[in-house]
There are 2 protein chains.
Amino acid sequence: METGKTGRRTGSTQTRDAILEAAIASFTGSGYAATTIRGVARAADVDPALVMHFFGNKDGLFDAALRGAMPIEELASVLAGDLSSLGVRLTRRYLEVWESPQTGPRIRAIVGSIATTPAAAQIMRDFMSGALAAPLAKNLPGQHPDRRAILAAAQLMGLAFARYVLAVEPLASMTVEELTISVGPSVQRYLTGDLG
Amino acid sequence: METGKTGRRTGSTQTRDAILEAAIASFTGSGYAATTIRGVARAADVDPALVMHFFGNKDGLFDAALRGAMPIEELASVLAGDLSSLGVRLTRRYLEVWESPQTGPRIRAIVGSIATTPAAAQIMRDFMSGALAAPLAKNLPGQHPDRRAILAAAQLMGLAFARYVLAVEPLASMTVEELTISVGPSVQRYLTGDLG
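This text gives an overview of the structure that appears in the document. (Residues numbered from 1 in each chain as written. Chains lettered and ligands numbered in written order. Predicted model: local features only at pLDDT ≥ 70, side-chain atom pairs only at ≥ 80, totals over all residues. Heavy atoms only, no water.)

1. Here we look at helix H2 (residues 37-44) of chain B
All names here are of chain B. Note the threshold: Each residue is placed in one exposure class: buried if its accessible area under a 1.4 Å probe, protein chains only, is under 20% of its type's maximum, exposed if it is over 50%, and partly exposed if it falls in between. What counts as a helix is a DSSP run of H or I of at least four residues, what counts as a strand is a run of E of at least two, and both are numbered from the N terminus. Each C-beta atom gives one direction from the helix axis, and the arc is the one those directions make. The criterion used for residue contact is that any of the two residues' heavy atoms lie within 4.5 Å.
Looking at H2, one finds that the buried residues are Ile-37, Val-40, Ala-41 and Ala-44. The arc enclosing the buried residues of H2, seen along the axis, measures out at 100 degrees, which places them on a common side. Residues Arg-38, Arg-42 and Ala-43 are exposed on H2 and point more than 90 degrees away from its buried face. Among the structural elements, helix H1 (12-30), helix H3 (48-55) and helix H4 (58-69) are those in contact with the buried residues of H2. Asp-45 occupies a position one or two residues after H2 and carries a positive phi of about 60 degrees.

2. As for the relation of the copies chain A and chain B
The condition that has to hold: When the copies are superposed, the least-squares fit takes in the C-alpha atoms of residues with a pLDDT of at least 70 in both.
The operation relating chain A to chain B is a screw motion whose rotation component is 180 degrees, with 0.0 Å of axial translation and a residual RMSD of 0.1 Å. Both copies of the chain, as the preceding transformation shows, are related through a two-fold rotation axis. Of every C-alpha in chain A, the one belonging to Gly-158 of chain A sits nearest the axis of rotation, 1.7 Å from it. A share of 100% of the interface residues of chain A reappears at the interface of chain B, consistent with the copies meeting face to face through the same patch.

3. Considerations on the pattern of salt bridges
The criterion, for reference: We count a salt bridge whenever a side-chain nitrogen from Lys or Arg sits within 4 Å of a carboxyl oxygen from Asp or Glu.
Scanning the entire structure with this criterion turns up 12 salt bridges over all chains. A salt bridge links Glu-177 of chain B to Arg-92 of chain A, with the nearest nitrogen and oxygen atoms 2.8 Å apart. You can see Glu-177 of chain B sitting in helix H10 (residues 176-192) and its partner Arg-92 of chain A sitting in helix H6 (residues 86-99), one on each of two chains. What makes Glu-177 of chain B partly exposed here is its relative accessible area of 38%. Residue Arg-147 of chain A pairs with Glu-178 of chain B through a salt bridge whose shortest N-O separation is 3.4 Å. Highlighted residues: Arg-147 of chain A in helix H9 (residues 145-165) and Glu-178 of chain B in helix H10, drawn from two different chains.

4. Details of the interface of chain A and chain B
You'll often see interface size given as the accessible area lost when the parts meet. Test applied: We define buried area as the total accessible area lost by two parts upon association, computed with a 1.4 Å probe and summed across both. As used in this structure description, the phrase polar contact means that two N or O atoms lie within 3.5 Å; if the pair is within protein, one of them must be able to donate a hydrogen and the other to accept it, and residues adjacent in sequence are counted only when both atoms belong to side chains.
On the chain B side, the residues contacting the 89 residues of chain A number 89 residues. Approximately 8500 Å² of surface area, both sides summed, lies buried where chain A meets chain B, with 74% of it carried by carbon and sulfur atoms. Where chain A packs against chain B, one counts 6 salt bridges. Linking chain A with chain B are 30 residue pairs in polar contact (both at pLDDT 80 or more), by the criterion used here.

5. Some thoughts on the environment of Val-88 of chain B
Residue and element names in this part refer to chain B. Within the element layout of this structure, Val-88 appears in helix H6 (residues 86-99). Classification of Val-88 as partly exposed rests on a relative accessible area of 28%. Val-88 sits 10 residues away from Val-78 along the chain, and the two C-alpha atoms are 9.9 Å apart.

6. Comments concerning the environment of Leu-195 of chain A
Along the chain, Leu-195 of chain A turns up in the segment after helix H10 (176-192). Residue classification places Leu-195 of chain A among the buried positions, given a relative accessible area of 13%. Taking the C-alpha atoms as reference points, Leu-195 of chain A and Ser-77 of chain A, separated by 118 residues in sequence, lie 26 Å from one another. Non-local contacts of Leu-195 of chain A, meaning those with residues more than four positions away in its chain, are made with Arg-148, Leu-151, Arg-189 and Tyr-190 of chain A together with Ile-181 and Ser-182 of chain B.

Printed below as a string of structure tokens:
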């Protein structure tokens, strides 16, 4: 991947990889906010200008780290095959990617570095289980009401986060009624349906 | 709510509310990381010791802000009634709480302040829609493949966030197979089921 534009040889693929590794270490160790181009350059023993040459800015680094961590091809490989069982295949593979000793720790660390601070995660956790799931579980009959309630809460939280915090399309422009009709039966299934 | 422990009158409920308002303004305006006890005290025109008296520390402030923003009673009010339609009622009310001009802006701002920086949100948004949902949508027949794919992605992301980033129980200690059986059919419904 040497461009040959300048006389200076940079061993560019290896250099790029080294910078990316340093960036990942910083994002996961110090967090997104505390990571700087200068610090990453220092850790990779290169000039900050070289970091910017490869990645543009801190967000370019983060984007590369996120895309590098999530093995998209591994997820995409389940797309081929019977459409009527794609949901189950995709869910399993997606969980496996987050769990795998090879890919999991890095994905969890990178997503975690952006999403919360440890103290904030604790507060969110208490809120989700104490304020949202616990009152719901009390109203559910049968086995595992706690599992049912937290599965419903995770679905609702994922929906709200994608729609209201990330504003990802086309979720953000669907109406409340469209979303209620689309998502409500999934929540109902968690509350009272057959969960296997 | 005056305790009368000291001779000094603090007008404590009003003072507490004023501190909480200042904290919410700081969390939503400057973000979680940049908010300090000292800054909140200055904005509320009180001594930092008084902030700590009421809320303990920054995380106590954040916890109070989060709980104050989310109208739990309004959510809980849907619990009474027919269990077989609770999922739809809960989904609708939950969305309404995030949408309402009274409660929505504050919830979105507080959750957003903890969850991401604006640049990071942009990256997550691009990743979720470009890397996860787009390849999925290409494989779906019928109408609204883009909606189906992003609904599936939001479900999977919420699950992963709750389990791997927040580590909320009992999600965190369920097995991959239990989760696959529980969540897979919901994802399948988004991909190929009747969404109303």
